Amino acid sequence: MTPIDVTREKQAAAQEAATLVSDGMTVGLGTGSTVAFLLPALADLHRNIRCIATSPQTESIARQVGLMVEPFRDVISLDIAIDGADQIAPDGWLIKGGGAAHTREKLVAISAQRFIVIADSTKTVNNLKGPVPVELLAFGLGSTLHRLGNVTLREGVPHSPDGGIIGDYHGRLDDPQSTAAWLSGTPGVVEHGLFPPEMVTTIIVGHTNGKVEQRIITNNGQ
Ligand SMILES: O=C(CO)[C@H](O)[C@H](O)COP(=O)(O)O
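Remember, it's a predicted structure, so these values are computed and weren't measured experimentally.

What follows is about the side chain of S160. Within the element layout of this structure, S160 appears in the loop between β9 (151-153) and β10 (165-169). Overall, the relative accessible area of 6% leaves S160 in the buried class. A polar side-chain atom of S160 sits 2.7 Å from a polar atom in the side chain of E135. Each residue touching S160, except ones within four places of it in the same chain, is listed here: A100, E135 and I166.

Per the stated rule, a full pass over the model turns up 10 salt bridges. Here K96 and D83 are joined by a salt bridge, their closest N and O atoms 3.0 Å apart. Of the two residues, K96 is situated in the loop between β6 (94-95) and α4 (102-110) and D83 in strand β4 (residues 78-83); the sequence distance between them amounts to 13 residues. The pair K96 / D83 is uniform in exposure class, with both members buried.

With that out of the way, let us pick up the nonpolar core. Formed by 25 residues in total, the largest nonpolar core has its most connected members in V27, L29, L38, L42 and L67. Here this core takes six residues from helix α2 (residues 33-45), the largest share from any one element. Ignoring any residue separated from it by four or fewer positions in sequence, one finds L38 in contact with A14, A17, A18, L29, I82 and I118.

Around the ligand, a shell composed of 17 residues is seen, among which S33, T34, D86, G97 and K123 lie nearest. Considering the ligand on its own, with 370 Å² of exposed area, one finds that the protein chains cover 91% of that surface. In terms of residue class, the shell around the ligand is made up of three nonpolar, eight polar and six charged.

Our focus in this paragraph is the pairing of β10. Every regular strand shows the same layout, with side chains that alternate between the two sheet faces. The buried fraction of β10 is high, at five of five residues. Of the two faces of β10, the one holding I165, G167 and Y169 and the one holding I166 and D168 are both buried throughout. Pairing geometry for strand β8 (residues 132-136) and β10, over five bridges, is antiparallel. Looking across to β10, one finds that V132 is bridged to Y169.

Here we come to the sheet that holds strand β13 (residues 202-206). Here seven strands make up an open sheet; going across it, the order is β3-β2-β1-β4-β7-β13-β14 and the pairing mixed. The open sheet terminates on both sides in strands that have one partner only, identified here as β3 (68-69) and β14 (212-216). Across four bridges, the pairing between strand β1 (residues 26-29) and strand β2 (residues 50-53) is parallel. When the sheet's bridge partners are listed, G28 is paired in β2 with I52.

Okay, the domain arrangement of the protein next. Interface size, as often reported, equals the accessible area lost upon joining of the parts. The assigned domain composition of the protein is domain 1 (6-124 + 195-209) and domain 2 (132-190). Its C-alpha centre places domain 1 at a distance of 23 Å from the equivalent point of domain 2. Every contact between the two is made by 10 residues of domain 1 and, on the other side, 15 residues of domain 2. When domain 1 packs against domain 2, close to 1,000 Å² is buried across both sides, 64% of that on carbon and sulfur atoms. The residue D162 makes a salt bridge to R104 at a minimum N-O spacing of 2.9 Å. Of all the elements, α4 adds the most residues to the side of domain 1 that touches domain 2, at three residues. The class makeup of the residues in the side of domain 1 that touches domain 2 is four nonpolar, four polar and two charged.

What follows deals with the sheet that holds β10. Taken together, four strands build an open sheet; the order of strands is β9-β10-β8-β11 and the sheet is antiparallel. Of all strands in the sheet, those with a lone pairing partner are β9 and β11 (189-192), marking the two edges. Each adjacent strand pair in this sheet contributes to an overall mean axis angle of 30 degrees, direction not counted.

Conventions used here
- Residues numbered from 1 in each chain as written.
- Predicted model: local features only at pLDDT ≥ 70, side-chain atom pairs only at ≥ 80, totals over all residues.
- Heavy atoms only, no water.
- Helix = DSSP H or I, 4+ residues; strand = E, 2+ residues; numbered from the N terminus.
- Buried < 20%, exposed > 50% of the residue type's maximum accessible area, 1.4 Å probe, protein only.
- Polar contact = N/O pair within 3.5 Å; in protein donor to acceptor, adjacent residues only side chain to side chain.
- Contact = heavy atoms within 4.5 Å.
- Salt bridge = Lys/Arg side-chain N within 4 Å of Asp/Glu carboxyl O.
- Core = buried A, V, L, I, M, F, W, Y, C linked by side-chain atoms within 4.5 Å.
- Near = heavy atom within 4 Å.
- Areas by Shrake-Rupley, 256 points an atom, 1.4 Å probe, with all protein chains shown as cover.
- Nonpolar A, V, L, I, M, F, W, Y, C, P; charged D, E, K, R; others polar.
- Pairing = 2+ DSSP bridges.
- Domains from an automatic or database assignment.
- Buried area = accessible area lost by both parts, 1.4 Å probe.
- Axes fitted to C-alpha atoms, helices over the stretch in contact; angles between N-to-C directions.

Structure follows, in structure tokens:
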């Protein structure tokens, strides 16, 4: 069997996603190594797009390759957002936030008409497995951690770009909907990395032979 070439898979998915963008669009840019392949592909194909970046890393690379990046402040709606994922379940639930950017990534995804997920084939799983990344408010951190129970704080990337404390929740995940609702309803949790299928338009998975597989998850009301 051919060994998996994750780099080629990421590249293939990113390249395909870049073709879904048209000149004149406002484009949300996710964060991570798959998105890093998307940025030059977008810059090669499109001269006239406006971009919103979900992290300082993405913003810096996007500017280096010549993309026009603006702050996400007065923009209300994006035409499209493209981002990676850590795990993709068959029903379209995602875990994101391996790169600690899930709060901004969720805001950008929910604001986009279409949210496209790009990934290598190792990201597809039969069942989501924890942990789930969480961003927590520094104020009251000890109390929030006590109520959540099973959270480890990150050492590598301890803060989000917005100053939140990044951790990983290791609790139950057999019903992502109820875990997501519980995390969202816990005061002190700024955001968690469970993304529901309703947020996802299309998943593009790259394969080692350079081909991609596209799965439509929801038409987002279009
Ligand atoms: O959610 C994310 C960052 O917060 C990334 O999209 C996710 O971690 C996937 O990263 P990569 O493309 O490097 O595999």
